[in-house]
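# A structural walkthrough
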Amino acid sequence: MSKETEVVIAFGNASWKQGKGYASSPRRLRFAKYFEQFHHHQRRPPDSSVSKIHVCSVNEFNTSQVCSHCREAKRLEKVEHLAIENPHFVRSCASCHTLWDRDVNAARNMISTPVSQQPTFPSPPDPLGPWLHPVECLVNIARDEPDALLINTYESGASERLSYLRVWKQAYSVAQALKALPGWNDDGHEVIGTFCEAEASWVIYSFAVWMLGKKTLNLALNFPAAVRKALCERHSIKYILYHHTKPGRTIGVTLIDATTFPVLDSIPPPSLEVCEPLDDYVTIQCTSGTTGIPKSFKFAHTGVMTGRAAIGILRISVGLLQAPSFAATLSLFLNALNLGGSVWTPEPKFNAVEKVYDIVQILDHGLVYVFMTPSFMKLIISTAASRNPSFKWTKTKVIALSSEHIPMSVIHMTRERFPNAEIQLGYGSSETAVVGALSFLRIPSDSPIPEKLVYKLTKPGVRCLLFDEKGEIIDPRYSNSGILVFAVDLDHPAKDHPSFVNADPNDKLASFGFLVDGSPRVCTMDWVEMVSDKEFSVVGRFDQKIKINGVYVDLNGLRELVHKHLSQVIADCYFIHTSERKIILLYVLQKGSNPDLISADIIRVVEDMFLLLNVSKVPVHNCLKLDAFPFNDSGKVDLKKLKRIAENVEQYGQAVQYPALIVTRTFLTKIAFKISEFSSQILDNPGLYGRNFYIGGVGFDSLSIGRLALAIREEYGVEISPMILLSNSMSPKDVAQLVVDILDDKLVIPPTIDLAAEAAKLDDASVTAEGFPPFVYPKEVRGIVLTGATSFLGAFLIFELAHKLVIASRNKNDPWYDVRDRWVGLRGDVSKERWALSDERWKEICEETDMIVHNAAEVHWLYNYNELKATNVLSTVTVLQLATTHHLKVVHYISTIGTIAMAKGSDKPLEEKMYSNWNLSGGYSQTKWVSEQLINKARSRGVPATIIRPAMIAGDSGYGVCNTDDYIWRYVEGCIKLGICPANASPVTWTMDPVDHVAKVIAEIVSSEEALSKFVFHISDSEHSVITEKRVFEIANSVGWIIMLDTREKFRTVIWRNPSPDNHALLAFMRMLMDLFFRVDNTNTRSIYPTPCPSPELVVRKSLFHLDRVSYLDQPTAAETELKDEEYPDVRIFTRTGRH
């Protein structure tokens, strides 16, 4: 046998060194390119003695212009001065002076120069221009064509068009606001989360983050809280940006609706100079996470550049119809930018079916490029045809279909409705993408639809194989059909992919595995017919081919027959083979067809059609009509749900048809859909998704309802007792309303000024103990200044303070019993300077009093800070001046628990201390907070003082005398008039203390010298001062008022149907009363007054009797009944209900 040799063909490329680079002849380059690819153009096998042929180009400067003897890179000189024939072919080395025949010298250099040192030929210029970073695309077009369209969004229901320049301005403004966030520039903070649908805000957020040199992580909307938390921890995410859809609870992450950031007045022209250095890795891409926490990896914008040639149209409009968490959406967006085009986004919807109507509108307006699944395309065409049977979309130029089996019927429907569009079909999956096995088919608009779809595998290095049903390789000489498998070489990097590393070697049909020789392979489970070694036609899913009476029947083929011959009756259908080997037909009736058709009719029609078409006898064991097929987030029909429905078809046939949840763009609706989804998953009942069912009537038991409660807590951070979830009439929408109310942390009247700065401005440094003798607590108090004596609490304080600190007797027969002559009423106005008292009276109280109890305040829940400042804050300034005039006086400031900004979901009791957070709702709490700060600052300068914070003050425990201006009684009055209250299954708990008890506690604190060192006191008891909203109305019912206890959702509906100012005020009261339960620490108070308050139930009952006596409430219409015990005991899997 002759020795094999290797042949190297070296081709000079006419590259000459000029300046910093090489210049080449274009004509020579074309020839060189051809010879470089010589081995691809051979028309016959090479000589058997030649084992390999290497074809390369060499740099002619290194061959013709370098001396092959001394290797000096100096030009060879011409030798015209020598008497040599044909001196053009002779060169002399400028270094060693060797004379060379030019070709001989070049040949020696070619042999000795390593191919690796030779330059590669530059790629021909891309006719679509260079591929750029997305921010570069934005900058260039916003600068050169500022009015060019970038975003056409239908989020508001109508088209809103945003130019490149406008997007630049909005993105730049968002970027500047993001830079100001705490910790933005911390080390390791490189990734920002987004929680968006395909919407304009996602595009703007992405640009803003990329401008700042950081990456986005587009979180899937269906990721549970645990997955969001894991991804955020993995990538050190501090912020998640959202707009239309707010994510559920994500521990340790700040949620930001960046659309609230204002557009800056001064924005620089579009330029990369005002951006941070751009990062080619623009996103962190995630897998779907179907098997646990998703995997994630850095994704460069250049990773999708090959898709631009497939689109191939400059200034194209591209539809973004899937969520950004899918790589296809990001790919389309980046390609549209590099084509100078625009992206069109539909109105965000909670399910795919509802989104169809918006996509139809977008297509009507001339969208050019559409990418979607075949199922979704069929739904869109069917929906549009139901409105206009003869419609056509003539402006669309490209339709790309992928991600599912593509039926021929969908291809024909698409061609009919998009007559001018090229149809691009893709075959591939996330599994085949691991080895790069993607296959395509193009059908130009002027070409007929082929009889069968033949896909071509485009990736070099990937080969097609066929498996039989046992996982054995089929010899192509004997059969060209089987299960399609893609395989790569032994050393392919995919072999180290986790999916291959963890593959089951015993499962020959597993998605990932290895051939006998160790080559990685991906099994598609699709039955195909091979046309050539890299071309195939898909017959259908292997698991859709079942054996009936010894004959294989393709269920996808049966579906196609129904589409072809029964489309007037059946809009869509699926044949499902169950675990019991039964064939179930799930179908959706065509709109306008006979609605009275029953299952038996459908089965008969379908089987008759099979008989007429000579189809093998196929028994359809049962069928079920669905309103619509379920879609997953990627726009594919959810076959897993259909499988579960088919497995339980008998139950579905007998099931109650619950009303569908009405789709709106509200947080309430999103939560309702989520709760229906939780229920569907927990009970393994897909029919519950998207339905508003009675939770207590669909099969929940004590264990499963606990799982639902835990799922709600995990997703939203809200704890709702399982007993409440099972309460009468509770539905997903009712529970969602409860969650929204609990989570509603928007301030009714937020601060309008910086309260901390306000306190610093009003603080008077002259209010100090400096200059006075050391303070000694008075053994006998000569006089007490009590402000607000005519208020509800003040009237009780007069008598408690007189008995406690001024000589008086509680014995009726004692001459000192009547305390009325022990106090003097001063008519003044605390909002005025020195309270509008005369100089003589002011001097008198400065000299003859030793203590001040500052109780005066204007209480109005709808006034802002400025409206209450004079009465509630400036009066405190005056109190402190009084306390440091003539001699030091003790100041006891009556504040409120409302000065503490309570965090939602906090388990920690409110401590008896000062709080710096002034993010409070309502002017009343805000003015009280500022006054507390003034008291604290004065105390730090030696002024003796205490701060006393009562909670909600209820009626007198003896007679029920109460303040009718309190909104709790106004709320009760309104509910009695309506005859309905939102207390059914309500987790709302109120903290209230009777006024006489509060006055007694204050008097004890005021009379205690020990109180000065403790400083802050809370008058409330989380154990004894609480009563549920439901219990209050149960007491009202027992007294004789007829009030129906219903859900919050029903309560709102009644109010909306009976509009009036008083009724609408009830909604505000209901919202405010959601926040009247809080766990408090009252250690300081109990150390001075340990006696608990009287029972709140007793107080409520007596208060209702009092309100009836004074005719504040309508007279009861029923007889008084015995109050029953709580409807259900307090047995929860949680320790509390979530009200803080």
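Keep in mind that this is a model prediction, so the values were computed, not measured. (Residues numbered from 1 in each chain as written. Predicted model: local features only at pLDDT ≥ 70, side-chain atom pairs only at ≥ 80, totals over all residues. Heavy atoms only, no water.)

## Observations regarding the overall build of the protein chain
Along its length, the protein chain carries 34 helices and 42 strands. Partitioning the intrachain contacts of the protein chain with sequence separation of at least 6 by distance along the chain shows that 71% fall at a separation of at least 24. Looking at the protein chain as shown, the accessible area adds up to about 53700 Å², and 52% of this sits on carbon and sulfur atoms. (Helix = DSSP H or I, 4+ residues; strand = E, 2+ residues; numbered from the N terminus. Contact = heavy atoms within 4.5 Å. Areas by Shrake-Rupley, 256 points an atom, 1.4 Å probe, with all protein chains shown as cover.)

## Considerations on the environment of Met 413
Checked against the element boundaries, Met 413 lands in helix H12 (residues 408-417). Spatially, the C-alpha atom of Met 413 lies 9.4 Å from that of Ser 382, the residues being 31 residues apart in sequence. If we ignore the near neighbours within four places in the chain, the residues touching Met 413 are Lys 378, Ile 381 and Ser 382.

## Quick look at the nonpolar core
Generally speaking, soluble globular proteins have nonpolar side chains that are buried together. Core analysis: the biggest nonpolar cluster contains 69 residues, and Leu 425, Phe 486, Phe 536 and Leu 586 have the highest contact counts within it. If sequence neighbours within four positions are ignored, Leu 586 has contacts with Asp 572, Cys 573, Tyr 574, Ile 576, Leu 624, Leu 626, Phe 629, Leu 642, Ile 645 and Ala 646. With 60 residues, the next largest nonpolar core counts Tyr 164, Trp 184, Leu 339 and Val 368 among its residues. (Core = buried A, V, L, I, M, F, W, Y, C linked by side-chain atoms within 4.5 Å. Buried < 20%, exposed > 50% of the residue type's maximum accessible area, 1.4 Å probe, protein only.)

## Some remarks on the packing of helix H11 (residues 374-387) against H12
Direction vectors running N to C along H11 and H12 enclose 50°, while the axes themselves pass 10 Å from each other. With respect to H12, the element H11 is oriented oblique. The two elements H11 and H12 meet at a crossing, and its hand is left-handed. Judged by residue contacts, Pro 374, Met 377, Lys 378, Ile 381, Ser 382 and Ala 385 of H11 engage Val 410, Met 413, Thr 414 and Arg 417 from H12. (Axes fitted to C-alpha atoms, helices over the stretch in contact; angles between N-to-C directions. Parallel < 35°, antiparallel > 145°, perpendicular 65-115°, else oblique. Left-handed = near helix turned anticlockwise from the far one by under 90°.)

## A short note on helix H25 (residues 865-883)
Taking 1.5 Å per residue as the helical rise, H25 with its 19 residues ought to reach 27 Å, and the 25 Å between its terminal C-alpha atoms agrees with that figure. Along H25, the sharpest kink reaches roughly 35°, centred on Thr 871. Backbone nitrogen of Asn 866 and a side-chain oxygen of the N-cap are separated by 3.2 Å at the start of H25; the cap is Asn 864. (Expected span 1.5 Å × (residues − 1). Bend = angle between axes of the 7 residues up to and from the residue. Polar contact = N/O pair within 3.5 Å; in protein donor to acceptor, adjacent residues only side chain to side chain.)

## Quick notes on the side chain of Ser 342
The topology assignment puts Ser 342 in strand S17 (residues 342-345). Sequence-distant contacts of Ser 342, that is, excluding residues within four places in its chain, are made with Leu 149, Leu 150, Ile 316, Ser 317, Val 318 and Ala 336.

## Here's the deal with the packing of aromatic side chains
Overall, the coordinates contain 21 aromatic pairs when judged by the stated rule. A ring pair is formed by Trp 202 and Phe 333, whose centres lie 5.3 Å apart and whose planes are at 55°; its orientation type is tilted. In this pair, Trp 202 is assigned in helix H6 (residues 200-211) and Phe 333 in helix H9 (residues 327-337), connecting sequence segments 131 residues apart. Both residues of the pair, Trp 202 and Phe 333, belong to the buried class. Through successive ring pairs, a cluster of aromatic residues spans Trp 202, Phe 207, Trp 210 and Phe 333. Sitting over the ring of Tyr 574, Arg 559 keeps its end group 4.0 Å from the ring centre. The ring of Phe 1015 is capped by Arg 939, whose NZ or CZ atom sits 4.1 Å from the centre of that ring. (Phe/Tyr/Trp six-rings, centres within 6.5 Å; stacked < 30°, edge-to-face > 60°. Lys NZ or Arg CZ within 6 Å of the ring centre and 35° of its normal.)

## Some words on the environment of Ile 359
Checked against the element boundaries, Ile 359 lands in helix H10 (residues 352-364). The exposure class of Ile 359 is buried, given its relative accessible area of 1%. Sequence separation between Ile 359 and Leu 321 is 38 residues; the distance between their C-alpha atoms is 8.0 Å. For Ile 359, the residues in contact, after removing those within four places along its chain, are Leu 321, Pro 346, Phe 376 and Ile 380.

## A closer look at the sheet that holds strand S36 (residues 945-950)
Backbone hydrogen bonds hold the strands of a sheet together, and the pairing may be parallel or antiparallel. Ordered by their spatial adjacency, 5 strands build an open sheet running S33-S34-S35-S36-S40, and the pairing between neighbours is parallel. This sheet does not close on itself; its edge strands, each paired only once, are strand S33 (784-787) and strand S40 (1016-1019). Neighbouring strand axes in the sheet, compared pairwise and without regard to direction, differ in orientation by 15° on average. Each of S33, strand S34 (851-854) and strand S35 (890-894) is contacted by H25, which is oriented at about 175° to S34, the strand it contacts most. Contacting S34, S35, S36 and S40, helix H28 (residues 995-1006) crosses the sheet at an angle of about 160° to S40. (Pairing = 2+ DSSP bridges.)

## Some points on helix H24 (residues 839-848)
Of the residues making up H24, those classed as buried are Trp 842, Ile 845 and Cys 846. Buried residues of H24, seen end-on, are gathered within an arc of 105° and therefore sit on one face of the element. Buried-residue contacts for H24 involve H25. (Arc of directions from axis to C-beta.)

## Thoughts on the confidence of the model for the protein chain
On average, the protein chain scores 82 in pLDDT, and the residues at 70 or more come to 83%. A low-confidence stretch, residues 806-810 (pLDDT under 50), is modelled with 16 contacts involving residues beyond four sequence positions or located in other chains. (pLDDT = per-residue confidence, 0-100.)

## Observations concerning empty space enclosed by the protein
Within the structure shown, the criterion is met by 3 cavities of 30 Å³ or more. For the largest cavity, the calculated volume is near 40 Å³. Taken together, the residues that form the lining of the largest cavity break down as 5 nonpolar, no polar and 2 charged. (1 Å grid on protein atoms, 1.4 Å probe; cavity = no way out; pocket = protein on both sides within 12 Å on 5 of 7 lines; lining within 4 Å. Points joined across faces, edges and corners; volume = space filled by probe spheres on them. Nonpolar A, V, L, I, M, F, W, Y, C, P; charged D, E, K, R; others polar.)

## Observations concerning unusual backbone geometry
Unlike most non-glycine residues, Arg 581 shows phi in positive territory, near 60°. One non-glycine residue, His 886, adopts positive backbone phi at about 75°. Summarising the element assignment, His 886 is placed in the loop between H25 and S35.

## Let's talk about the pattern of salt bridges
A full pass over the atoms with the stated rule returns 36 salt bridges. For Glu 844, the salt bridge is made with Arg 841, and the minimal N-O distance between the two is 2.9 Å. Placement of the pair is Glu 844 and Arg 841 together in helix H24, with a separation of 3 residues, close to one helical turn. Owing to a relative accessible area of 31%, Glu 844 belongs among the partly exposed residues under this scheme. When salt bridges that share partners are traced, they join Lys 378, Arg 559 and Asp 572 into one network. (Salt bridge = Lys/Arg side-chain N within 4 Å of Asp/Glu carboxyl O.)

## Observations regarding the packing of helix H22 (residues 755-762) against helix H26 (residues 923-940)
Where H22 meets H26, the closest approach of the two axes is 9 Å, and the angle between their N-to-C directions is 45°. It follows that H22 is oblique to H26 by the angle criterion. Along this stretch, H22 crosses H26, giving a crossing that reads as right-handed. Residues Leu 755, Ala 756, Glu 758, Ala 759, Ala 760 and Leu 762 of H22 pack against Gln 926, Trp 929, Val 930, Gln 933, Leu 934 and Lys 937 of H26. A class-by-class count of the residues in the contact of H22 with H26 yields 8 nonpolar, 2 polar and 2 charged.

## Here's the deal with the environment of Asp 187
Positionally, Asp 187 belongs in the loop between helix H5 (164-179) and strand S10 (191-195). In this structure, the C-alpha to C-alpha distance between Asp 187 and Ser 236, residues 49 residues apart in sequence, is 9.9 Å.

## Overview of the sheet that holds strand S32 (residues 622-625)
Strand order across the open sheet formed by 3 strands is S30-S31-S32, with mixed pairing between neighbours. In the strand order of this sheet, the two ends are held by strand S30 (570-577) and S32, each with one partner. This sheet shows a mean twist of 20° between the axes of neighbouring strands, independent of strand direction. Bridging between S30 and strand S31 (residues 583-589) involves 7 bridges; their strand directions are antiparallel. By the bridge assignment, His 577 is partnered in S31 with Ile 583. Sitting on the sheet, helix H14 (residues 555-565) touches S30 and S31, and the angle it makes with S30 is about 160°.

## Notes on the pairing of S34
Taking every second residue as pointing to the same face, both faces of S34 are buried, with Met 851 and Val 853 on one and Ile 852 and His 854 on the other. Sheet topology note: the S33/S34 ladder contains 4 bridges and is parallel. When the bridges of S34 are listed, Val 785 appears paired with Ile 852. Of the pairings in the sheet, the one linking S34 to S35 comprises 4 bridges and is parallel in character. Residue Met 851 lies in a different strand from S35, and its bridge partner there is Val 890.

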